[in-house]
Amino acid sequence: MAITRENVEYIANLARLDPKGKGFDKIAEDMQGIVSMVDQLQELDLGDITDVIDTERKNAMREDVPVPSYDKKDILANAPSVECGGVSVPRVVE
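Residues numbered from 1 in each chain as written. Predicted model: local features only at pLDDT ≥ 70, side-chain atom pairs only at ≥ 80, totals over all residues. Heavy atoms only, no water.

*Asks:* Explanation requested: the overall build of the chain in the structure shown.
*Replies:* Scanning the chain from N- to C-terminus turns up three helices and two strands. Walking the chain from its N terminus toward its C terminus, one meets helices and strands in the order α-α-α-β-β. Its C-alpha radius of gyration of 29 Å places the chain more than 25% over the 12 Å reference for a compact globule of 94 residues. Projecting the C-alpha coordinates of the chain onto the three principal axes gives extents of approximately 70 × 55 × 15 Å. Contacts in the chain between residues far apart in sequence, at least 24 positions, make up 30% of those at least 6 positions apart. About 9,300 Å² of surface is accessible on the chain, with carbon and sulfur atoms providing 56% of the total. Taken together, the 11 basic and 19 acidic charged side chains of the chain have centroids lying 10 Å from each other. (Helix = DSSP H or I, 4+ residues; strand = E, 2+ residues; numbered from the N terminus. Rg over C-alpha atoms; globule rule 2.2 N^0.38 Å. Contact = heavy atoms within 4.5 Å. Areas by Shrake-Rupley, 256 points an atom, 1.4 Å probe, with all protein chains shown as cover. Lys, Arg positive; Asp, Glu negative; His and termini not counted. Charge placed at Lys NZ, Arg CZ, Asp CG, Glu CD.)

Below, the structure written as structure tokens:
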């Protein structure tokens, strides 16, 4: 598949890009290189490769065990300013 300047202009329009001057030609050249690499991958013979699926694997994560939470008084003791039972912060939005 050959990448033309029109292809690049169309893709640039979709991506809201505006390359100047020879930018389109450089991008077309780079895209053609990418397409040729993908074409090389398509030529690989993968007929002898089998899927590797480990069906014996169990969930590797630890059990979800509830633990007691921190006391609210201890958390608020570290806050620089407390108001109405919560941490008071300076207003950011006018």
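*Asks:* Explain the pattern of salt bridges to me, please; I cannot follow it from the model alone.
*Replies:* Two side chains carrying opposite charge are able to pair once their charged atoms lie near each other. What the rule picks out here adds up to one salt bridge. One salt bridge connects Asp30 with Lys26, and the closest N-O pair in it is separated by 3.1 Å. Of the two residues, Asp30 and Lys26 are both situated in helix α2 (residues 23–42); the distance of four residues between them amounts to about one turn of the helix. Classification of Asp30 as partly exposed rests on a relative accessible area of 37%. (Salt bridge = Lys/Arg side-chain N within 4 Å of Asp/Glu carboxyl O. Buried < 20%, exposed > 50% of the residue type's maximum accessible area, 1.4 Å probe, protein only.)

*Asks:* Which parts of the structure should I look at to understand the environment of Glu63?
*Replies:* Residue placement: Glu63 occurs in the loop between α2 and α3 (72–77). Placed 24 residues apart in sequence, Glu63 and Asp39 show a C-alpha to C-alpha distance of 46 Å.

*Asks:* What's the story with the nonpolar core in this structure? I'm lost.
*Replies:* Within soluble globular proteins, side chains that are nonpolar tend to cluster in buried spots. Formed by Ile3, Val8, Ala12, Phe24 and Ala28, the largest nonpolar core amounts to five residues. Secondary structure elements with two or more residues in this core: α1 (5–14) and α2. Setting aside its immediate chain neighbours within four residues, Phe24 contacts Arg5, Val8, Glu9, Ala12 and Pro19. (Core = buried A, V, L, I, M, F, W, Y, C linked by side-chain atoms within 4.5 Å.)

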